[in-house]
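Structural overview for review
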Amino acid sequence: MKASLLFSSLFLCLNMSLAAAGQGPAAPKVIVIDAGHGGKDPGAKANSLKEKDLVLKLARQLSSTLTRGGFKVHLTRGTDQFLTLERRDELANQKSCDLFISLHANASRNRKAEGIEIYTLNKATDSASRRLARRENKGAAKSMKAVDAILSDLLQTAATEEAVELSRTLQGAMGRKFGEVRLKSALFYVLVGAKCPSLLVETGFITNRGEAKRLNSVDYRNRLAEAIRTGVERHFARVGGDL
């Protein structure tokens, strides 16, 4: 908490100094937070919980945490509503996003499966990633062939390269608080259309009783939000972008 207050104070002082020098404060970075699923699409269901509800709560908490850090934050959905994957990307682009982060909760037939996974757009790294992508891509208008056709071009863009770097930074920040954080890739439709570095974060397994209980905890979600914020701050510090 002290570190967060110190960062916010330094950010305020920097903007005041720039204003005094006649440059004006730097425009804050725009981050779009996407709470996966919603409305008629509940996402994964287990342990009397629904993915759509957990990630919406986390999205709201993450929004508040990032806003306190000086970022400008938008949610693709702030209520329990259904949005197509394409509409989520459209909203991100309308806000001129600098980062797009889609939040989800994982599921597995193996009730012992656990842990955080961060995904970037690419060919699936394993069969579990392919299954996950099929589940998360339900309802998208794009066909798999359409995604394949544009994937090679996307992989050459600076935004995709920056997303990979961001995923590594988030892995470090979240790993310090939550242990192993796995980096993976898959063909997630929601990561295709946003014109900025984009990640999909599977925050834990709703099918694991222990993780489901933690994800349903306000305190645990706050810890997740703080870790993501730390990673985002470190990312922009490294790439030289002002908040």
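Residues numbered from 1 in each chain as written. Predicted model: local features only at pLDDT ≥ 70, side-chain atom pairs only at ≥ 80, totals over all residues. Heavy atoms only, no water.

**Comments concerning the overall build of the chain**
Spelled out, the test is: In this description a helix means any DSSP run of H or I spanning at least four residues, a strand means any run of E spanning at least two, and both kinds are numbered starting from the N terminus. Each residue is assigned to one of three classes by its accessible area relative to the maximum for its type, calculated with a 1.4 Å probe on protein chains only: buried under 20%, partly exposed between the two thresholds, exposed over 50%. Per-residue and other accessible areas were derived by the Shrake-Rupley procedure at a 1.4 Å probe size, with only the shown protein chains allowed to occlude residues.
Within the chain one finds eight helices and eight strands. The buried share of the chain, reckoned over its 243 residues, is 49%. By element, 53% of the accessible surface of the chain is carried by carbon and sulfur atoms, the whole surface being about 11600 Å².

**Side note on the state of the cysteines**
The test is simple: Pairs of cysteine sulfur atoms within 2.5 Å are identified as disulfides in what follows.
Considering all chains together, one arrives at one disulfide under this definition. Across the disulfide, cysteine 97 is cross-linked to cysteine 196 (sulfur-sulfur distance 2.4 Å). Its S-S torsion of approximately -105° makes the covalent link between cysteine 97 and cysteine 196 left-handed. Linking cysteine 97 in the loop between helix 3 (85–94) and strand 5 (99–106) with cysteine 196 in the loop between strand 7 (181–186) and strand 8 (198–205), this pair joins segments that are 99 residues apart in sequence.

**Remarks on the environment of tyrosine 189**
With respect to the secondary-structure elements, tyrosine 189 resides in the loop between strand 7 and strand 8. We classify tyrosine 189 as buried; its relative accessible area is 7%. Separated by 68 residues in sequence, tyrosine 189 and leucine 121 place their C-alpha atoms 8.6 Å apart.

**Some thoughts on the packing of helix 6 (residues 158–178) against helix 8 (residues 218–239)**
The description of two helices packed together rests on the angle between their axes and the distance between the axes. Heads up, the condition is: Structural elements are reduced to axes, namely lines fitted to C-alpha atoms, with helices fitted over the stretch in contact, and the angle between N-to-C directions of any two is expressed from 0 to 180 degrees. When an angle is under 35 degrees it counts as roughly parallel; over 145 it counts as roughly antiparallel; between 65 and 115 it counts as roughly perpendicular; any other value is oblique. If you view the pair so one helix is near and one far, a crossing is left-handed when the near helix is turned anticlockwise from the far one by less than a right angle, and right-handed when it is turned clockwise. For this analysis, residues touch if any pair of their heavy atoms sits within 4.5 Å.
Here helix 6 crosses helix 8 at 135°, and the two axes come no closer than 8 Å. On the basis of their axis angle, the class for helix 6 and helix 8 is oblique. Taken as a pair, helix 6 and helix 8 cross one another with a handedness that is right-handed. For the pair helix 6 and helix 8, contact is made by Glu162, Glu165, Leu166, Thr169, Leu170, Ala173, Met174, Arg176, Lys177 and Phe178 and by Tyr220, Arg223, Leu224, Glu226, Ala227, Ile228, Thr230, Gly231, Val232, Arg234, His235 and Arg238, respectively.

**Here's the deal with the environment of leucine 75**
Mapped onto the elements of the fold, leucine 75 is located in strand 4 (residues 72–75). For leucine 75, a relative accessible area of 30% translates into the label partly exposed. Along the backbone, leucine 75 and leucine 62 are 13 residues apart, and their C-alpha atoms lie at a distance of 9.9 Å. Not counting residues within four places of it along the chain, the set of residues in contact with leucine 75 comprises Ile33, Ala59, Arg60 and Ser63.

**Some remarks on the pattern of salt bridges**
Quick note on the threshold: What counts as a salt bridge is simple: a side-chain nitrogen of Lys or Arg found within 4 Å of a carboxyl oxygen of Asp or Glu.
Going through the model one piece at a time under the given rule, you end up with nine salt bridges. With its nearest N and O atoms 3.1 Å apart, the salt bridge here joins glutamate 117 to arginine 182. Residue glutamate 117 is found in strand 6 (residues 116–121), and its partner arginine 182 is found in strand 7; the two are separated by 65 residues along the sequence. Under the relative-accessibility criterion, glutamate 117 is labelled buried at 5%. Of the charged contacts in the structure, one is a salt bridge between arginine 168 and glutamate 165, with a shortest N-O distance of 2.7 Å. Separated by three residues within a single helix, arginine 168 and glutamate 165 lie in helix 6, roughly one turn from each other. Judged by relative accessible area, which is 32%, glutamate 165 ranks as partly exposed. The network of salt bridges with common partners includes Glu117, Arg182 and Lys184.

**Re the packing of aromatic side chains**
For clarity, the threshold we go by: Pairing of aromatic rings covers Phe, Tyr and the six-membered ring of Trp, with a centre-to-centre limit of 6.5 Å; geometry is then stacked below 30 degrees between planes, edge-to-face above 60, and tilted otherwise. Only when the NZ atom of a Lys or the CZ atom of an Arg is both within 6 Å of the ring centre and within 35 degrees of the ring normal do we say a charge sits over the ring.
For the coordinates displayed, the defined rule picks out three aromatic pairs. Pairing tyrosine 119 with phenylalanine 188 gives two aromatic rings, centres 5.1 Å apart and planes at 85°, and the pair type is edge-to-face. Residue tyrosine 119 is located in strand 6, and its partner phenylalanine 188 is located in the loop between strand 7 and strand 8; the two are separated by 69 residues in the primary sequence. Over the face of the ring belonging to phenylalanine 82 we find lysine 40, whose NZ or CZ atom lies 4.6 Å from the ring centre.

**Notes on the sheet that holds strand 4**
The pairing of strands in a sheet comes from backbone hydrogen bonds and takes either a parallel or an antiparallel form. Rules: Paired strands are those between which DSSP finds at least two bridges.
Read from one edge to the other, the open sheet built from six strands follows the order 4-1-5-8-6-7, with strand pairing classed as mixed. Of all strands in the sheet, those bounded by a partner on one side alone are strand 4 and strand 7. Taking each pair of neighbouring strands and ignoring which way they run, the sheet shows an average axis angle of 25°. When strand 6 meets strand 7, the two strands line up parallel, connected through six bridges. Bridging from a neighbouring strand, leucine 121 pairs with alanine 186 of strand 7. Against the sheet, helix 2 (residues 51–68) makes contact with strand 1 (30–35), strand 4, strand 5 and strand 8, and its axis sits at roughly 145° relative to strand 5, the strand it touches most. Here helix 6 sits on the sheet in contact with strand 5, strand 6, strand 7 and strand 8, set at roughly 175° to strand 6.

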